[in-house]
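Breakdown of the fold
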Amino acid sequence: MTEISARDRKSNKGVNPKGAALATRVLELVASGQASSRAELAQLLGTAPSTISLTVAELVERGLIAEEGTQSSTGGRPRRVLRAGSADEYAVAADVGGRHARIGVVLPGNGVRDVANVPFEIADGPETALPRLAEHLESLAQQRGRDRLRGVGLSLPGPVDVAAGAVVLPSRMPGWNRFPVAAWLEERFGVPAVVDNDANCMAVGEQSVRPAEHRRTITVKIGTAIGAGVIVDGNLYRGATGAAGDITHIRIESGADIPCSCGNTGCLETVASGAALVRILHERGVDVASTEDVVQLATDADPEATRAVRRAGDHLGRVLAANVNFFNPDAVYLGGILSTLEPFVAAVRSQLYESCHPLATEHLTIERAILGADAGLVGVGLFALQRALARALGDAGGDATNRFHTVAAPRKG
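- Going by an unreviewed UniProt entry, the protein chain carries the name ROK family transcriptional regulator and comes from Streptomyces sp. 900105755.
- Turning to the protein chain, the UniProt record has this under Sequence similarities (unreviewed entry): "Belongs to the ROK (NagC/XylR) family."

Listed below in structure tokens is the structure:
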């Protein structure tokens, strides 16, 4: 993020690979807000404090990490507070839905500013939709100071190949298949750009504001569609082919005859998503056209909508129960528009306690996402900042350009 001098480039030639890997992890934890002191870094990484201090000192000298102020400690000297890059540096980001995008400025350490919802018709295709979105993001950058922009992030509601920066075989996204979104953004803005799945971004954003001891979590986004992001040891887990967290297409017995976009029938998305609720209520003669309509009816205590929402929460809870029993996470976080409905959340929570082994739920946290609608925005903004930091570290002699934003094949829809 900060310009690296010629002297730094020369002096870091042939940098130790182990040192570069540690520097990458230190940058990742500081940039995401998971660590703000040397002591926290040493604890999270299981590394000697002296080694951490040396690594931090080198990153401070390069301008990739800054120290400011102090924070109280349980004993000894007060700890210096660490932050990634300059306080003035930032990323612009967008969390895209079918009909709108939530945009904002994301700061190092998970701060978010200037958040707004703007029109975005994903069905228009990337050639039409992206230039319109770029205008909104450019306006944010101009207001904040274009010279301090360090990255651009885009969260998309489809399976994403993060190495290629493109969505792959997405449903309800005509024209987007394999379109090089990240490359398009980099060319348009002249800074590093990242693209990822919306559930992954929500999981990473939520993780950045959660207690450090919650290092194994499942974050579920329940909107028009359903997706999940998995955190293991504090990091996003993608799995062998990028499909970790794909609960969308787990088949539900009661939905056996309902066709799904994946080609099968009876998937979770066909009975528990916002789109499914619109279909179910429409079949019952209720006048709804969108997930927002369903939420409004349920908020107003409409009996048909409330019953359908509870049933959807029950379906999701059953699927999550199998995952909780298997994975034994610290927490399950619920995000997306349906998570704003108490009957839905209550049904999920009830099913988890009913269907999981008591040991799996003894200390399990089941809550709505603290960041709410901003979780995905924060997550993809942090990805963009981390990519920029990694590129700066790579320019300085490290081998970390793609280490922060873990490369993976296509993942969940």
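On we go from here.
1. Things to note about the sheet that holds strand β4 (residues 100-107)
- Taken together, five strands build an open sheet; the order of strands is β5-β4-β3-β6-β9 and the sheet is mixed. A single partner strand is all that each edge strand has here, and the edge strands are β5 (111-119) and β9 (193-197). Shown here is a sheet whose adjacent strand axes are inclined to one another by a mean of 20°, direction ignored.
- Packing against the sheet, helix α7 (residues 198-207) makes contact with β3 (90-96), β6 (149-156) and β9, and its axis sits at approximately 105° to β9.

2. Some remarks on the layout of surface pockets
- Considered as a void within the structure, the largest pocket measures approximately 1100 Å³ in volume.
- Forming the boundary of the largest pocket are 42 residues, of which G97, G98, H100, G223 and T224 lie nearest the centre.
- Of all the elements in the fold, those that place two or more residues in the lining of the largest pocket are β3, β4, α7, β11 (226-232), α9 (274-283), α10 (291-299) and β13 (331-335).
- With three residues, the top contributor of residues to the lining of the largest pocket is α7.
- Partitioning the lining of the largest pocket into residue classes produces 16 nonpolar, 17 polar and nine charged.

Rules of the game
- For every chain, the first residue of the written sequence is number 1, and numbering continues from 1 along that sequence.
- Local features in this predicted model are restricted to residues whose pLDDT is 70 or higher, and side-chain atom pairs enter the listing and the counts only when it is 80 or higher, whereas totals over whole chains, interfaces and linings include all residues.
- Only hydrogens and water are set aside when side-chain values are computed; all heavy atoms of the structure are taken into account.
- UniProt positions are given in the numbering used here, feature names are shortened, and annotations may be inferred rather than shown by experiment.
- Pairing between strands is defined by DSSP: at least two bridges between them are needed.
- Secondary structure is summarised from DSSP: a helix means a run of H or I of at least four residues, a strand means a run of E of at least two, and numbering begins at the N terminus for each.
- Note on definitions: angles span 0 to 180 degrees between N-to-C directions of axes, and those axes are lines fitted to C-alpha atoms, for helices only across the stretch in contact.
- Contact criterion: two residues are considered in contact whenever any of their non-hydrogen atoms come within 4.5 Å of each other.
- Space inside and on the surface of the protein is sampled on a 1 Å grid over the protein atoms alone, with a cavity defined as a set of points where a 1.4 Å probe fits but cannot get out and a pocket as an open set with protein on both sides within 12 Å along at least 5 of 7 lines; lining residues have an atom within 4 Å of a point.
- Grid points are joined across faces, edges and corners, and a volume is the space filled by probe spheres set on the points.
- Under the convention adopted here, Pro, Cys and the residues Ala, Val, Leu, Ile, Met, Phe, Trp and Tyr are nonpolar, Asp, Glu, Lys and Arg are charged, and Gly plus all remaining residues are polar.

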